[in-house]
Number of protein chains: 2
Amino acid sequence: MNKPTSQSEFETPKVTTGALPASRKVYTHPKADPSLAVPRREIDLHPTANEPPVPVYDTSGPYSDPNVEINVEKGLARIRTEWVKERGGVVEYDGREVKPEDNGGATGKYLAREFPTHNKPLRAADFDPTFKSGTTTSDRAGAAEAGGQTNKTRILGTNTNDRAGAGDPNSAAGGNITEQKQKTPRAPITQYEHAVQGIITNEMIYVAERENLGRQEALENAAETVAQGESFGADIPEFITPEFVRDEIAKGRAIIPANINHPELEPQIIGRNFLVKINANIGNSAVASSVEEEVEKMVWATRWGADNVMDLSTGRNIHNTREWIIRNSPVPIGTVPIYQALEKVDGIAENLTWEVYRDTLIEQAEQGVDYFTIHAGVRLAYIHLTANRVTGIVSRGGSIMAKWMLAHHKESFLYTHFEEICEIMRAYDVSFSLGDGLRPGSIADANDRAQFAELETLGELTKIAHAHGCQVMIEGPGHVPMHKIKINMDKQLRECGEAPFYTLGPLTTDIAPGYDHITSGIGAAMIGWYGTAMLCYVTPKEHLGLPDRDDVKVGVITYRLAAHAADLAKGHPAAQVRDDALSRARFEFRWEDQFNLALDPETARDFHDQTLPKEAHKVAHFCSMCGPKFCSMKITAEVRDYAANMTDNEKKALNLEAEKGMKQMSEKYAEMGSELYLAEDGSKREAID
Amino acid sequence: MNKPTSQSEFETPKVTTGALPASRKVYTHPKADPSLAVPRREIDLHPTANEPPVPVYDTSGPYSDPNVEINVEKGLARIRTEWVKERGGVVEYDGREVKPEDNGGATGKYLAREFPTHNKPLRAADFDPTFKSGTTTSDRAGAAEAGGQTNKTRILGTNTNDRAGAGDPNSAAGGNITEQKQKTPRAPITQYEHAVQGIITNEMIYVAERENLGRQEALENAAETVAQGESFGADIPEFITPEFVRDEIAKGRAIIPANINHPELEPQIIGRNFLVKINANIGNSAVASSVEEEVEKMVWATRWGADNVMDLSTGRNIHNTREWIIRNSPVPIGTVPIYQALEKVDGIAENLTWEVYRDTLIEQAEQGVDYFTIHAGVRLAYIHLTANRVTGIVSRGGSIMAKWMLAHHKESFLYTHFEEICEIMRAYDVSFSLGDGLRPGSIADANDRAQFAELETLGELTKIAHAHGCQVMIEGPGHVPMHKIKINMDKQLRECGEAPFYTLGPLTTDIAPGYDHITSGIGAAMIGWYGTAMLCYVTPKEHLGLPDRDDVKVGVITYRLAAHAADLAKGHPAAQVRDDALSRARFEFRWEDQFNLALDPETARDFHDQTLPKEAHKVAHFCSMCGPKFCSMKITAEVRDYAANMTDNEKKALNLEAEKGMKQMSEKYAEMGSELYLAEDGSKREAID
């Protein structure tokens, strides 16, 4: 419960470091820019396997690299600052003063220590901090020219032939964009603006390399794998080029959440034509948990595979906790700014104002939050649509705004000030995660009018945000029975112009509290297959309590496996590499390789040891299920040797005999059928053919 | 490890008894036969809910009924013996002598004590124990007449007007069957034979009542629920009558596994137009576990929702362990007889013979095993199809038979003697579970030619087994990526004439050992939705070790929730009753009701207590996620009161305003779109509409 942390008592967060079993951190250098170092993990196999190491996507950052010295007091290396400055269009400035209310008024021994280093924030040079509602679009377009186009940006087809080579240099679309958009564009700040202007950023090159992981190895049958998959209209390439990344971002179909003030992060792409990503939620609340715990939760979650992390803190010390998290985070960090804004008005929703909210956006943008959940689609007119729901409004953000709107009988300030929000977020390249404040909180409420009315508004807002140059993804439900899941995906793609979908589960039944990582893992795998780009994890504690370290791990692994199941089903060319390596290890009784290739090597090993703890059993050619005399894998290995030695003639003869036997059976059946009593159902059974 | 159990040391199994939290065992009496008492569980809610108790399907048998005295030494009450004898056509006989090899040669202190009571087995009066391969069908048809039709059987439309009333007395099909089939039928023994002859058994009345559970309460909107569901061509009725049950069984689309020598069981139906069932596996192996553990595992698994249990024991004491299990089991028990047959030939597959196998079938049929997994579809001609697989043959039964066939270079004796097997199983009403010995053991091997060749053979065998009067279900995979799951279901329905499908998962990825209850729970929910009638559970220990008590529970709950998710998606009229009750409890902060309505009340309560242990928090109107000041549910309750008081005019005005706002936004977007840089992607985004 609410552990106080004072300046003196404050302990530097202790985080988990070290390589995963049999794993090495490998950095590769993209052809398009060999100065970039893109991480992946390689799992070494036992020499008897006679197989190359298995490459896997690595979200764990430098913490799993034994060659990097981790110092949480200093934070991670700020590699991207140089990239951002080189691109130009930004200015360094003093930034907003930290106010007592940013930390919920915590003082003295209750105030968590500030992160030791303060970096001046960057923002778009053309950003007008006095921006008022009513400023017209053309005013802003005029201001954009002041920012200008620096000669450090790389424009496809002009000064970046080296990089264009990595993509498709003949891309007519690329060329056209450049020509078309040079008319009046502002200096590009966001990844979206760069993409639309035909510019391939370092981040794009980085994520292309990162996504391809193992794809080169799998490339031989990539076309076949893609063709055999069912991607429901997605456009999964055999190989990912930086130009493909740029094009997907320009189309609004993918985002790289990367605040220019979070230079510590390893860029990552979210979109339906890329690997399915997962998110873990952390955050202290008024009731429990501390700064140290939250930083370690972030490190811990990414160690097991969280592609990014949302800090959902409420209560005290929100600002300082977040600073520690971001400075040490190799993955994008998302927040729901309304939570902190509410803290600043002592938890009284009616007292929220646009000014408090706006100030909070800037506070968090300066810190480096990579995406904001903004529930701007919860409109006054939709609230009464929730009145007859079984579970009303379950989104915290949604219910806060609903309460505010009803108290003032006014439209949501998130909606009326949406364009100002866009300008702020564009100035730092904070991505939108347009929140689903009216998502269903129960099976009974799934796919109702309230939910879909909001989704339609989110579609409108997506266009506005894109027009302002922002990156956008859309949040989705929630609680949805299996037969109603695809409807959500299809509608989202249609309404939101294929902007990436980011769903919470969905939970496919309400009756299993304590197991909602599983009720939702089912829905997550399915909607990921249908096209959702990122899955927000659910832990076993959902609906019941705050997840601890073990719960976070179980939630992450569950969502990792759901995302992977989706990648397999979509036909991702390299996804099956790991499944096949693990299956071969299983077949060949390479127990150590099985553990090491598993998403959770520790648990796999532990479970094995509970039954057969002896070290010798790790090399035994049997397992506890069947015992030494009676092992199907062992028998099969013998069968395989035998079968492999058959001649083609023998195989042919066998098949003929099988056909003959089947024919005899059929004849006997026909004979018996008329003698006995099959007449009635015979016809009906054939009817479904 | 292999605990020895001697006659003197043997401990009577201690089993878990007592009601689940807030639950009462209720027995209802079907209109068609009020003498039958059909159990269900009712969960009482807090008085403030002002709601009736929630009825749920109850698999736990008398163990959860405080009014029944449990004595494991005596076994459960043998209620069905009377039903079977009343129907006639059966004889009591001395039965086979128990041989030392039935218990794997265990003697002295290693031999588990026999179950104290010995009951003489029943079998079909017309069964010919000297049956030899080559006896023709017509010979057997002649023998059938000797058995005759007793006047105790109830034939639809003749002496059972009372019962016919429960079904559809005008059913033309029913009437026709009776007339058509009376030509030369044998005295019906199996549920299938009764159904085909138009006879509604006690078991059919029992399962109709059992399945309807809560359906009367949900009946008001049953038609709507069924219509909104997606059942992929299944035929889910709004209300289940005994006649519907009979008809489904006669069509081969459902089975009631109920050996006439397992009179202790509470009948249950498996078919795609009924609630999805789940199965738990237990069984000692050569390496670990004891009689006591296995009996308790059965009781424990059914307590948490296992509809039936497979005893997969190997090693010593198989016979005696099984006897203890069956005599105390309220659910159907399945086995894989080849496992025990292999023990009898010291684990050397080549030494198996038809005679040893046949003797084992009779041994187990006399004990009361309700269904046998028989891998008769693994044919000699299919073995070489597995040679290039990543994981070969992973089914134990399949690999044993493959080894036997290759050693002898002969067709499988399970295939060549299939009709004799049918006659034995028909004589006791042991249901077929036609095993998928060539199921894929990895994602790489899914849906390959070996798998589907076997499935086609299983389709042929289904017809033969039906012709012999047997009940049949079909086993399915295994390891299958999501996009290949529905292909399995569709092919099974087509090849096997809609006989119930019984699948193991399938696992949707291979990379998460330790979490395969989840990788498979995803596939199980999906294939259950598509039409699988029973899901074979997978525990977290799958591939790694033997499940302990906790693993069994986690496996059962996971599959229970997957099956329920499938029932919801199929549009089962009463399935959502429990979801809605739990969601209302959640919304109204009735914490105790949430726990009690959960599939696993203990875990739900425990998880809550880990964060908020105080008893007072159980009535608090907040939870640990948000804390007292900041609760979305609480805010929503206020919103709801407010919205409920709006007039229709106010709602209308709001909607108009919303439309206006949206229009303004759209106009602004259009304006900006042409000014800024949206030209290129605008068109493409619309293209997916």
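Definitions and cut-offs
- Note that residues are indexed from 1 along each chain, following the sequence as it is written.
- Following the order in which they are written, the chains are lettered starting with A and the ligands numbered starting with 1.
- Under the rules for a predicted model, residues below a pLDDT of 70 receive no local features and side-chain atom pairs below 80 are neither given nor counted, while totals for whole chains, interfaces and linings still include all residues.
- Side-chain measures here rest on the full set of heavy atoms in the structure, leaving out hydrogens and waters.
- Here a helix means four or more residues in a row that DSSP labels H or I, a strand means two or more in a row labelled E, and each is numbered from the N terminus.
- Only protein chains enter the accessibility calculation, which uses a 1.4 Å probe; a residue is then buried when its area is under 20% of its type maximum, exposed when over 50%, and partly exposed in between.
- Whether two residues are in contact is decided by their heavy atoms, any of which lying within 4.5 Å being enough.
- Throughout, the Shrake-Rupley method with a 1.4 Å probe supplies accessible areas, and for residues the shown protein chains are the sole cover considered.
- Pairs of strands are assigned from DSSP output, requiring at least two bridges between the strands.
- Inter-axis angles, ranging from 0 to 180 degrees, are taken between N-to-C directions of lines fitted to C-alpha atoms, where helices are fitted over the stretch in contact.
- Confidence scores labelled pLDDT are given residue by residue by the predictor and lie between 0 and 100.
- How far a helix is expected to stretch is found by multiplying one less than its residue total by 1.5 Å.
- Only buried Ala, Val, Leu, Ile, Met, Phe, Trp, Tyr and Cys residues count toward a nonpolar core, and they belong to the same one when joined by side-chain atoms within 4.5 Å.

1. Digging into the overall build of chain A
- Within chain A, the secondary structure is distributed over 26 helices and 15 strands.
- Burial analysis of chain A (689 residues in total) assigns 69% to the buried set.
- Taking contacts inside chain A between residues at least 6 apart in sequence as the whole, the part at least 24 apart equals 75%.
- When the accessible surface of chain A is summed, it comes to about 22,200 Å², and 50% of that surface belongs to carbon and sulfur atoms.

2. What to know about the sheet that holds strand β1 (residues 23-28) of chain A
Residues and elements named next belong to chain A.
- Pairing in this open sheet of three strands is antiparallel, and the strands run β1-β2-β3 from one edge to the other. The sheet is open, and its two edges are formed by β1 and β3 (54-56), each paired on a single side. Going across the sheet, the axis of each strand differs from the next one's by a mean of 35°, ignoring polarity.
- By the bridge criterion, three bridges tie strand β2 (residues 38-43) to β3 in an arrangement that is antiparallel. When the sheet's bridge partners are listed, E42 is paired in β3 with P55.
- In the packing of helix α6 (residues 202-212) onto the sheet, contacts are made with β1 and β2, and the angle to β2 comes to roughly 10°.
- Most of the contacts of helix α21 (residues 576-587) go to β3, to which it runs at about 140°, and overall it touches β2 and β3.

3. Observations concerning the confidence of the model for chain A
Residue and element names in this part refer to chain A.
- Across chain A, pLDDT averages 85, with 82% of residues at or above 70.
- Segment residues 133-182: pLDDT under 50, and 90 contacts once partners within four positions in sequence are set aside and those in other chains are kept.
- Within the model, the stretch residues 673-689 combines pLDDT values under 50 with 39 contacts to residues more than four positions away or in other chains.
- Across the whole predicted complex the pTM is 0.89, and at the interface the ipTM reaches 0.89.

4. Some remarks on the side chain of T462(A)
- Turning to its location among the elements, T462(A) is positioned in helix α17 (residues 449-467).
- Ignoring anything within four residues of it in the chain, the contact list for T462(A) reads L434(A), V472(A), I474(A), C496(A) and A499(A).

5. A word on unusual backbone geometry
Residues and elements named next belong to chain A.
- With omega at 5°, the peptide bond leading from G505 into P506 counts as cis.
- By the secondary structure assignment, P506 is in the loop between β14 (501-504) and α19 (516-530).
- A positive phi angle, near 70°, is found at E498, a position not held by glycine.
- Judged by its relative accessible area of 6%, E498 is buried.

6. Let's talk about α19(A)
Residue and element names in this part refer to chain A.
- Spanning 15 residues, α19 covers 21 Å between terminal C-alpha atoms, matching the ideal 21 Å at 1.5 Å per step.
- In terms of burial, α19 is a largely internal element, 15 of the 15 residues being buried.
- Following α19 by one or two positions, G531 has its phi on the positive side, about 145°.

7. What about the nonpolar core?
- Counting 278 residues, the largest nonpolar core has F432(A) and F432(B) as its most contacted members.
- If we ignore the near neighbours within four places in the chain, the residues touching F432(B) are F372(B), I374(B), F418(B), I421(B), C422(B), M425(B), A465(B), C470(B), Q471(B), V472(B) and M473(B).

8. Regarding the sheet that holds strand β9 (residues 308-311) of chain A
Residues and elements named next belong to chain A.
- Overall, parallel pairing links the eight strands, which are arranged β8-β9-β10-β11-β12-β13-β14-β15 in a closed barrel. In this sheet, neighbouring strand axes are inclined to one another by 25° on average, regardless of whether the strands run parallel or antiparallel.
- Strand direction decides the pairing type here: strand β13 (residues 472-476) and β14, joined by three bridges, are parallel. For G476, the partnering residue across the bridge sits in β14 and is T503.

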